[in-house]
Amino acid sequence: QVQLVESGGGLVQAGGSLRLSCAVSGSIFSINAMGWYRQAPGKQRELVAEIISSSNTNYADSVKGRFTIFRDNAKNTMYLQMNSLKPEDTAVYYCGAIDGAANLYWGQGTQVTVSS
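Engineer: Any chance you could explain the state of the cysteines here in plain terms?
Structural biologist: Structurally, a disulfide amounts to a covalent bond that connects the sulfur atoms of two cysteines. For the structure on display, the rule yields 1 disulfide. The disulfide that involves C22 links it to C95, with 2.0 Å between the sulfurs. When the S-S torsion is -70°, as for the bridge of C22 with C95, the disulfide is left-handed. With C22 in strand β3 (residues 18–26) and C95 in strand β9 (residues 91–99), this residue pair connects regions lying 73 residues apart in the sequence. The residues C22 and C95 share a single accessibility class, namely buried.

Engineer: Teacher, can you tell me more about the sheet that holds β3 here?
Structural biologist: Within a sheet, adjacent strands bond to each other through the backbone by hydrogen bonds, running parallel or antiparallel. Taken in spatial order, the 4 strands of this open sheet run β1-β3-β8-β7, and their pairing is antiparallel. Of all the strands in the sheet, the pair left with one neighbour each is β1 (2–7) and β7 (67–72). Ignoring strand direction, the axes of neighbouring strands in this sheet form an average angle of 20°. Both β7 and strand β8 (residues 77–82) contribute to a ladder of 6 bridges, which runs antiparallel. Looking across to β8, one finds that I69 is bridged to L80.

Engineer: Honestly, unusual backbone geometry in this entry has me stumped. Any pointers?
Structural biologist: Excluding glycine, most residues fall at negative phi; most peptide bonds, likewise, are trans. One non-glycine residue, S84, lies in the positive phi region at around 50°. Following the sequence through the fold, S84 ends up in the loop between β8 and β9. We classify S84 as partly exposed; its relative accessible area is 41%. Positioned with a positive phi, A102 is a non-glycine residue whose angle comes to about 65°. Structurally, A102 is set in the loop between β9 and β10 (104–106). A relative accessible area of 55% means that A102 is categorised as exposed.

Rules behind the numbers
Residues numbered from 1 in each chain as written. Predicted model: local features only at pLDDT ≥ 70, side-chain atom pairs only at ≥ 80, totals over all residues. Heavy atoms only, no water. Disulfide = S-S within 2.5 Å. Helix = DSSP H or I, 4+ residues; strand = E, 2+ residues; numbered from the N terminus. Buried < 20%, exposed > 50% of the residue type's maximum accessible area, 1.4 Å probe, protein only. Pairing = 2+ DSSP bridges. Axes fitted to C-alpha atoms, helices over the stretch in contact; angles between N-to-C directions.

This is the structure we're talking about:
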């Protein structure tokens, strides 16, 4: 089992920055990949960024060049640095992880609101 707890969401003006954190506990060594997802009202949950290793990351086109995903293995924490935020980035952001048995785990979500 893997437990994920997000933090760092909030209200920010357009052009501002936020850093989301995802604290990981449990069977950490079973995790193959992790990612950040978001879900805006009335829309499906979408992948924002994923990290498989420190050198293997992928981003949605809408956030490339503005968001950075990274991990601090010593702290068992994954981050999403979000810069140049836009109103369309407003959503609930979820941390997700998948283990070697293809089990998918989710955090509780954290709200990010970007005002224009």
